[in-house]
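Take a look at the letters that make up each chain.
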Amino acid sequence: MHSGRLAGLTAGALALTLLAACGGGGSSGGGGSDEFESADVTGIINGALPTDGPPQSGGKIVITDPSDAPTVDPHKAASAYTHFGTSGIVYSTLVAYKYGKDIPYYSQEFTGDLAETWDHTDDGLTWTFNLRKGVKWQNIAPVSGREFTAADVKCTVERIQTLPGVQKNLMDIVASVDATDPYKAIFKLKSPYGALDETMASFYMEILPCEGTRGEFDLAQQAIGTGPFILQSWERKVKRTYVKNPDYYVAGKPYLDEIDVLIMSDPAAALASFRAGGLDVSNVSETLYSSLLGSNPDVPVRVQEGLTLNGIFMNESIKPFDDVRVRKAISMAWDRAGMGDANYTSFTLAGAYPGVMPGSLTDGETKDLRAYDPTAAKKLLAEAGFPNGFDIELTTTDGWGPTITNQAQWVQQDLKDIGINVTLKVLDYATFYTTWQKKDYSLGYALFTGFLTVNEWVQSFYPTAGPRNWFNIDDPKLNTMIKAQESTIDPDDRAKKLHEISTYIAENVSNPVLGMQGSTLQIQQSWVHNMYPNPAYARAWAADVWVDADSPSK
């Protein structure tokens, strides 16, 4: 764990930082004291959160995303904005992560969503999810408010497997889903797996109606779910409007009548709108934070380290990135800690995946295996046949706002220091994602999806057939190691295997070169109550939010 401004943070913020460093049961780096461990988990560093109840119904909130979703089909897009726009807010999952005022931001506790209870056989080959009765799909044709059943789970899994969906790696282990009983979804697995509940809690595992999977409506344009809100309208690159689902299975929820999501890429414009009362919830950049406090000294501000990681990625099918010495030289050239200090209130350096997860590298191991050492980097380049470096184009996007493009410029300078002359190619978000997925690049810089479970990280990026292996990694030994951890039921044994995988990736793959979990500063108006997000690319928390009678929307 590192911090750029720890002296100015309250105990709440330090608790968030501690959770980033050592939460979730993983062997991550960092440390802390009992004082930090007992601190407020909400992460408040300015102002005070309003009281939570009793809740009032009615009104709306306006929030922002910096880029729009390319589609609302959750099986067709890896984009965070697709899942922010659908997961938990329109579509539900079988299992969900707990969240709330007293729940740590990185909690690995689960609760039922569409499933009330679940269990598995001792051999880990059969999982049974007992479904809620009486859950209705949103009353929109052609689904028209019919009851949700196990058949919808079966349709969803089979579509993921046959598309293949971006979640295919998560469902490769599933041999079949038995939906004979409409209230039991029975998963038969190809090999033992002791963490299928984690998988089904992923924000990527939205459950769709069979009508959608059969093509009876356009999943790319329309979302019909069982969640708390209905996607009423979508004005591309401008606004999405969600309205209350009157048939949501939780009685009395959601409290809000409407949520508007505005697409705003300019942080200064978003801050100006927040100051004027036009936004209820937003993020503020580090550079604008002091300005915000100058005009709104009592505004509630939270620091939150998500599971999203920044990183450098390389196409191993293109020279010179087929040589691990070149990839390791790039890793050694990147001053990750310096970038973190310059960009974030707090941050945690990463290995092969976030340090809060089982089997991750400790802070000391990360520093040893991923050391910042330009001199050693130059030596490796020379050994690889590039004593004078080389010229290369680095592809990135402005779709995440200026922070990422500024960081790409930082990487550009770090690589220049070891003789690699980088030309930046900045694309719009949609074009960038397409370019990355098609592997039509040499070198790149991006944000990496903040998966909530370690299996999603290792199964997505590193196997030869991984659905997000957009780097052309092809390492048979690594493939075998990843498969072996998945079928290990004992959590301690699995964590040991995951640690071996993390070490192997650092020493023998070094791609992608992941940077850090960086904090965001979230701001909200004083009339917004009971908002406690978690790191998921989902908005299930929206069902619990309510606004005061003096809210502008009332």
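Okay, so let's go over this structure. All figures in this text were calculated on a predicted structure; none of them were measured in a lab.

Across its full length, the protein chain carries 18 helices and 21 strands. Computed over its C-alpha atoms, the radius of gyration of the protein chain comes to 23 Å, within 12% of the 24 Å expected for a compact globule of 554 residues. Each principal axis of the C-alpha atoms in the protein chain carries an extent, and together these give about 65 × 60 × 45 Å. Scored against the burial criterion, the 554 residues of the protein chain give a buried share of 59%. Side-chain charges in the protein chain split into 45 positive and 66 negative, and the spacing between the mean points of these groups amounts to 4 Å.

Time to look at the state of the cysteines. Formally, a disulfide is one covalent bond, and it connects the sulfur atom of one cysteine to the sulfur atom of another. What the rule picks out here adds up to 1 disulfide. Across a sulfur-sulfur distance of 2.2 Å, cysteine 155 and cysteine 210 are joined as a disulfide pair. Given an S-S torsion of about 95°, the disulfide between cysteine 155 and cysteine 210 has right-handed geometry. Taken together, the residues span a long stretch of sequence, with cysteine 155 in helix H4 (residues 150-162) and cysteine 210 in helix H7 (residues 210-213) at a distance of 55 residues.

Scanning all chains against the criterion turns up 35 aromatic pairs. Residues tryptophan 400 and phenylalanine 432 carry aromatic rings whose centres are separated by 5.9 Å and whose planes lie at 75° to one another, so their mutual orientation is edge-to-face. You can see tryptophan 400 sitting in the loop between strand S16 (390-397) and helix H14 (402-416) and its partner phenylalanine 432 sitting in helix H15 (residues 429-437), a full 32 residues away along the chain. Neither tryptophan 400 nor phenylalanine 432 differs from the other in exposure class; each is buried. Judged by centre distance (6.4 Å) and plane angle (55°), the rings of tryptophan 436 and phenylalanine 471 are tilted. One end of the pair, tryptophan 436, is in helix H15; the other, phenylalanine 471, is in the loop between helix H16 (454-461) and helix H17 (476-486), with 35 residues separating them in the sequence.

Our next topic: the pairing of strand S9 (residues 184-189). Going residue by residue along S9, you find Ala185, Phe187 and Leu189 tucked away on one face and Lys184, Ile186 and Lys188 left uncovered on the opposite face. Bridge analysis of strand S7 (residues 126-131) against S9 gives 5 bridges, and the strand direction is antiparallel. Following the sheet pairing, threonine 128 is matched in S9 by isoleucine 186. Pairing of strand S8 (residues 174-178) with S9 involves 4 bridges; the strand directions are antiparallel. Counted as the bridge partner of serine 176 is lysine 188 from S9. If you look at the hairpin formed by S8 and S9, you'll find 5 residues sitting between the two strands.

Enumeration over the complete set of coordinates arrives at 20 salt bridges. Among the ionic pairs, aspartate 260 bridges to lysine 60, the shortest N-O distance being 2.9 Å. Here aspartate 260, found in strand S12 (residues 258-263), pairs with lysine 60, found in strand S3 (residues 60-65); they are 200 residues apart in sequence, far enough to count as distant. For lysine 367, the salt bridge identified is with aspartate 363, shortest N-O distance 3.2 Å. Of this pair, lysine 367 and aspartate 363 are both found in helix H12 (residues 363-369), 4 residues apart, which corresponds to roughly one turn of the helix. Judged by relative accessible area, lysine 367 falls into the partly exposed class, the value being 42%. Here the residues in one salt-bridge network are Lys60, Lys239, Glu258 and Asp260, joined through shared partners.

What follows concerns the packing of H17 against helix H18 (residues 491-509). Contact pair H17 / H18: the axes reach a minimum separation of 9 Å and the direction vectors enclose 160°. It follows that H17 is roughly antiparallel to H18 by the angle criterion. The two elements H17 and H18 meet at a crossing, and its hand is left-handed. Along its contact with H17, which presents Lys477, Leu478, Met481, Ile482, Ala484 and Gln485, the element H18 presents Arg494, Lys497, Leu498, Glu500, Ile501, Tyr504, Ile505 and Val509. Residues that form the contact of H17 with H18 fall into these classes: 9 nonpolar, 1 polar and 4 charged.

Another point: the sheet that holds S7. The strands making up a sheet are joined through hydrogen bonds of the backbone, oriented either antiparallel or parallel. With antiparallel pairing, 4 strands are arranged side by side in an open sheet as S6-S7-S9-S8. Edge positions in the sheet fall to strand S6 (115-120) and S8, since each of these pairs with one other strand and no more. Between one strand axis and the next, the sheet turns through 15° on average, direction left out of account. Against the sheet, H4 touches S7, S8 and S9, its axis set at about 35° to S9.

Moving on: the pairing of strand S17 (residues 420-427). By the bridge criterion, 8 bridges tie S16 to S17 in an arrangement that is parallel. Pairing of phenylalanine 390 across the sheet is with isoleucine 420, part of S17. Each parallel crossover has a hand, and the one from S16 via H14 to S17 is right-handed.

It is worth spelling out the packing of helix H10 (residues 324-333) against H18 at this point. Axis separation between H10 and H18 bottoms out at 8 Å; the angle between their running directions is 105°. Our classification of the angle between H10 and H18 gives roughly perpendicular. Within the contact between the two elements, H10 uses Val324, Arg327 and Lys328 and H18 uses Ala506, Glu507, Asn508 and Val509. In terms of residue class, the contact of H10 with H18 is made up of 3 nonpolar, 1 polar and 3 charged.

Take the environment of asparagine 508 next. Summarising the element assignment, asparagine 508 is placed in helix H18. Sequence separation of asparagine 508 and glycine 58 is 450 residues, and the distance between their C-alpha atoms is 56 Å. Aside from chain neighbours lying at most four places away, what touches asparagine 508 is Val324 and Arg327.

With 138 residues, the main nonpolar core has Leu94, Phe129, Met171, Phe187, Ile259, Trp436 and Leu443 as its most contacted residues. Counting 15 residues, the second largest nonpolar core, distinct from the first, contains Ile45, Val62, Leu279 and Leu292.

This paragraph deals with the side chain of glutamate 206. Mapped onto the elements, glutamate 206 comes out in the loop between helix H6 (196-200) and H7. There is a polar contact of 3.1 Å between the side chain of glutamate 206 and the side chain of threonine 86. Setting aside chain neighbours within four positions, we find glutamate 206 in contact with Pro74, His75, His83, Thr86, Ser87, Tyr91, Ser92, Thr93, Thr156 and Gln167.

Let us now look at the sheet that holds S12. Read across the sheet, 4 strands follow the order S3-S12-S11-S10 without closing on themselves; strand pairing throughout is mixed. Only two strands of the sheet have a single neighbouring strand rather than two, namely S3 and strand S10 (229-235). Neighbouring strand axes in the sheet, compared pairwise and without regard to direction, differ in orientation by 20° on average. Examined bridge by bridge, S3 and S12 share 6 bridges and lie parallel to one another. Bridging from a neighbouring strand, isoleucine 61 pairs with isoleucine 259 of S12.

About the cut-offs
- Residues numbered from 1 in each chain as written.
- Predicted model: local features only at pLDDT ≥ 70, side-chain atom pairs only at ≥ 80, totals over all residues.
- Heavy atoms only, no water.
- Helix = DSSP H or I, 4+ residues; strand = E, 2+ residues; numbered from the N terminus.
- Rg over C-alpha atoms; globule rule 2.2 N^0.38 Å.
- Buried < 20%, exposed > 50% of the residue type's maximum accessible area, 1.4 Å probe, protein only.
- Lys, Arg positive; Asp, Glu negative; His and termini not counted.
- Charge placed at Lys NZ, Arg CZ, Asp CG, Glu CD.
- Disulfide = S-S within 2.5 Å.
- Phe/Tyr/Trp six-rings, centres within 6.5 Å; stacked < 30°, edge-to-face > 60°.
- Pairing = 2+ DSSP bridges.
- Salt bridge = Lys/Arg side-chain N within 4 Å of Asp/Glu carboxyl O.
- Axes fitted to C-alpha atoms, helices over the stretch in contact; angles between N-to-C directions.
- Parallel < 35°, antiparallel > 145°, perpendicular 65-115°, else oblique.
- Left-handed = near helix turned anticlockwise from the far one by under 90°.
- Contact = heavy atoms within 4.5 Å.
- Nonpolar A, V, L, I, M, F, W, Y, C, P; charged D, E, K, R; others polar.
- Right-handed = clockwise from strand over helix to strand, strands pointing away.
- Core = buried A, V, L, I, M, F, W, Y, C linked by side-chain atoms within 4.5 Å.
- Polar contact = N/O pair within 3.5 Å; in protein donor to acceptor, adjacent residues only side chain to side chain.

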